[in-house]
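Spelled out, the chains give:
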Amino acid sequence: MFELLLSAFIVMLASLVGVVGVWQRFGRFFERHLDFLISFSAGVFVIIAYRLSIETLDHASSVGVGLGWIFAGALGIWLLFKFLPTLHHHEHSHEEPHAIDPRRVLFSDAFHNIGDGILLAAAFAVGPAVGVTTTMAVFIHELVQETSEFFVLRGAGYSAKKALWTSFAVSSTILIGALGGYFALKTAQMLEAPLLGLAAGMLLVVLLGD
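Our subject in this report is the structure included herewith.

## Examining the overall build of the chain
Assigned secondary structure in the chain consists of ten helices and zero strands. Put simply, the chain runs from its N terminus to its C terminus through helices and strands in the order α-α-α-α-α-α-α-α-α-α. Here the chain holds 210 residues, and 50% of them are scored as buried. For the chain, the exposed surface amounts to about 10,600 Å²; the carbon and sulfur share of it is 69%.

This is the structure:
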């Protein structure tokens, strides 16, 4: 529990990366290297998705059931991306600062963070090494997304301070997924394969998109 909560809090700190954006030199550095950061986190996610998939198949009653849960996770997050296109938003435009509704961005980010929390809970259920590695990858991934979100909120008229604290508050929804996943795994062993499979499927869609 302690390791899971600590990891969730570390990921929450990524929402404050926008403070770097207020310094032009570092802001430009992050913008120039976003593609490298995305590629690195996606590479780590490949290994994590593989480990989660193996664990899903091991805990499921059959290979078909395990693959079904992985497919369900992939389909679920794909549908969310379709209905909430800003859920996985990495790009930002200075030419059309009001093209994206900031409330929709924040609402979508909250769903994304709950998914990250479930992923962390599932990863720590596999083992400490997988949990720590997942935390690192999710943190780097959040740095990229939160940098983008900071510019979107600033373009929508938020002050730097308001944009930072709003993002930090929304990032706390990761605790819902982390604690929900943790207690689900603790109270019902039969939920282990579904949660691991859903997390693996969701992660596969995210990394393929990246």
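Next comes the rest of the write-up.
## Observations regarding the packing of helix 1 (residues 2-13) against helix 9 (residues 174-187)
Contact geometry for helix 1 and helix 9: axes closest at 10 Å, N-to-C directions at 160 degrees. With respect to helix 9, the axis of helix 1 lies roughly antiparallel. For the element pair helix 1 and helix 9, the recorded crossing hand is right-handed. Packed against helix 1, whose contacting residues are Leu 4, Leu 5, Ala 8, Val 11 and Met 12, the element helix 9 presents Ile 174, Leu 175, Ala 178, Leu 179 and Tyr 182 at the interface. Residue composition of the contact of helix 1 with helix 9, grouped by class: ten nonpolar, no polar and no charged.

## Topic: helix 7 (residues 128-155)
Helix length check: helix 7, at 28 residues, gives a terminal C-alpha distance of 40 Å against a target of 40 Å (1.5 Å per residue), a fit within 8%. Here helix 7 lies mainly inside the structure; 20 of its 28 residues are buried.

## Focus: the layout of surface pockets
The calculated volume of the largest pocket comes to roughly 260 Å³. Lining the largest pocket we find Met 1, Glu 3, Leu 4, Ala 121, Phe 124, Ala 125, Gly 127, Pro 128, Tyr 182, Leu 185, Lys 186 and Glu 192. Within the residue set of the lining of the largest pocket, elements represented by two or more residues are helix 1, helix 6 (102-126) and helix 9. When its residues are assigned to classes, the lining of the largest pocket shows eight nonpolar, one polar and three charged.

## Description of the pattern of salt bridges
For the structure shown, the criterion picks out one salt bridge. The partner of Glu 55 in a salt bridge is Arg 51, with the nearest N and O atoms 3.3 Å apart. On the criterion of helical spacing, the pair formed by Glu 55 and Arg 51 is a turn pair, its members being four residues apart in helix 4 (residues 34-59).

## Some words on the packing of helix 7 against helix 8 (residues 160-171)
At a minimum axis separation of 9 Å, helix 7 and helix 8 run at an interaxial angle of 135 degrees. As far as their axial angle goes, helix 8 and helix 7 are oblique. Handedness of the crossing formed by helix 7 with helix 8: right-handed. Of helix 8, the residues touching helix 7 (which contributes Glu 146, Glu 149, Phe 150, Leu 153 and Arg 154) are Ala 160, Ala 163, Leu 164 and Ser 167. Here the residues of the contact of helix 7 with helix 8 sort into five nonpolar, one polar and three charged.

## Observations concerning the environment of Leu 208
As for its placement among the helices and strands, Leu 208 is situated in helix 10 (residues 192-209). Using a relative accessible area of 70% as the deciding quantity, one classes Leu 208 as exposed. Separated by 162 residues in the primary sequence, Leu 208 and Val 46 have C-alpha atoms spaced 9.1 Å apart.

## Focus: the environment of Gly 117
Secondary-structure assignment places Gly 117 in helix 6. On the accessibility criterion, Gly 117 (0% relative accessible area) is buried. Expressed as a C-alpha distance, the spacing of Gly 117 and Tyr 182, which sit 65 residues apart in the sequence, is 9.3 Å. Ignoring any residue separated from it by four or fewer positions in sequence, one finds Gly 117 in contact with Ile 174, Gly 177 and Ala 178.

## A look at the side chain of Glu 142
One can find Glu 142 in helix 7. Owing to a relative accessible area of 1%, Glu 142 belongs among the buried residues under this scheme. When residues no more than four places from it in sequence are discounted, the contact partners of Glu 142 are Val 11, Ala 14, His 112, Asn 113, Asp 116 and Thr 147.

## Observations concerning a nonpolar patch on the surface
Together, Phe 71, Leu 75, Trp 78, Leu 79 and Phe 83 make up a nonpolar patch on the protein surface, roughly 550 Å² of accessible area in all. For Phe 83, the position within the fold is in helix 5 (residues 63-83).

Rules behind the numbers
- Residues numbered from 1 in each chain as written.
- Predicted model: local features only at pLDDT ≥ 70, side-chain atom pairs only at ≥ 80, totals over all residues.
- Heavy atoms only, no water.
- Helix = DSSP H or I, 4+ residues; strand = E, 2+ residues; numbered from the N terminus.
- Buried < 20%, exposed > 50% of the residue type's maximum accessible area, 1.4 Å probe, protein only.
- Areas by Shrake-Rupley, 256 points an atom, 1.4 Å probe, with all protein chains shown as cover.
- Axes fitted to C-alpha atoms, helices over the stretch in contact; angles between N-to-C directions.
- Parallel < 35°, antiparallel > 145°, perpendicular 65-115°, else oblique.
- Left-handed = near helix turned anticlockwise from the far one by under 90°.
- Contact = heavy atoms within 4.5 Å.
- Nonpolar A, V, L, I, M, F, W, Y, C, P; charged D, E, K, R; others polar.
- Expected span 1.5 Å × (residues − 1).
- 1 Å grid on protein atoms, 1.4 Å probe; cavity = no way out; pocket = protein on both sides within 12 Å on 5 of 7 lines; lining within 4 Å.
- Points joined across faces, edges and corners; volume = space filled by probe spheres on them.
- Salt bridge = Lys/Arg side-chain N within 4 Å of Asp/Glu carboxyl O.
- Patch = residues over 30% accessible without salt bridge, like charges linked within 9 Å, V, L, I, M, F, W, Y side chains within 5 Å.

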